[in-house]
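# A structural walkthrough
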Amino acid sequence: MHDVAVIEDPEAAEVSLDPVRARLLAELAEPGSATTLAHRVGLTRQKVNYHLRALERHGLVELVEERRKGNLTERILRATAASYVISPSALAPVEPDPERARDQLSARWLLAVAARLVRDVGALITGAAAARKRVATFALDGEVRFASAADRAEFAEKLTAAVTSLIAEYHDESATGGRAHRLVIAVHPAVRPQEKG
């Protein structure tokens, strides 16, 4: 089971967004059968089986084992990931495009950049999994408390200068066999607990 999986297929996204199926995915962090899940979620085994088949068709749950119980075979399933992110490519006709309106100070532009990040990294993960390789990535996450808007602006200016200097030092347009990497740096207000959800 993966920690996080990216859903790129529109039909799989639709299946995962159904509240009952989302609950079943959460319950299947640990393997279970339709019978055990039915007791936990308060539905009939037949209804749970119906939802599990839809999830399985789209690769969101997988068969762990089959157990014989009298004349029946009990199927034990588990979610393919502990959590899921839906890629903007699932909504391709309306997915955000950061090239449409570049504005470093726009929260909506930041959201478009973040959507591209989810889409691109999701595609890289899918490709790497098919090739049985890992994706070379690096992420840095932190929090800084600014005393004033002026401090935040000065921080952004210094950060821009530092990153621009590093790019100039390491970027080699003529590197044979080199591979371009995308760099995303975002600064936004931290979400307060009461603003979540």
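Residues numbered from 1 in each chain as written. Predicted model: local features only at pLDDT ≥ 70, side-chain atom pairs only at ≥ 80, totals over all residues. Heavy atoms only, no water.

As recorded in an unreviewed UniProt entry, the chain goes by the name Transcriptional regulator, listed as coming from Nocardia wallacei.

### Topic: the domain arrangement of the chain
Domain annotation for the chain reports domain 1 (2-84) and domain 2 (96-170). Computed over C-alpha atoms only, the centres of domain 1 and domain 2 are separated by 34 Å. (Domains from an automatic or database assignment.)

### A closer look at the layout of surface pockets
If you add up the space inside the second largest pocket, you get close to 710 Å³. Looking at the second largest pocket, it is lined by 25 residues, and the ones nearest its centre are His 2, Val 4, Ala 5, Val 6 and Ile 125. When residues of the lining of the second largest pocket are traced back to their parent elements, those giving at least two are β1 (2-7), β4 (81-86) and α5 (107-131). When residues of the lining of the second largest pocket are assigned to their parent elements, the largest contribution, seven residues, is made by α5. Within the lining of the second largest pocket, the residues separate by chemical class into 14 nonpolar, six polar and five charged. (1 Å grid on protein atoms, 1.4 Å probe; cavity = no way out; pocket = protein on both sides within 12 Å on 5 of 7 lines; lining within 4 Å. Points joined across faces, edges and corners; volume = space filled by probe spheres on them. Helix = DSSP H or I, 4+ residues; strand = E, 2+ residues; numbered from the N terminus. Nonpolar A, V, L, I, M, F, W, Y, C, P; charged D, E, K, R; others polar.)

### A word on unusual backbone geometry
A positive phi angle is found at Arg 132, which is not glycine, with a value near 55°. Here Arg 132 is to be found in the loop between α5 and α6 (149-170). Residue Arg 132 is classed as exposed on the basis of its relative accessible area of 77%. (Buried < 20%, exposed > 50% of the residue type's maximum accessible area, 1.4 Å probe, protein only.)

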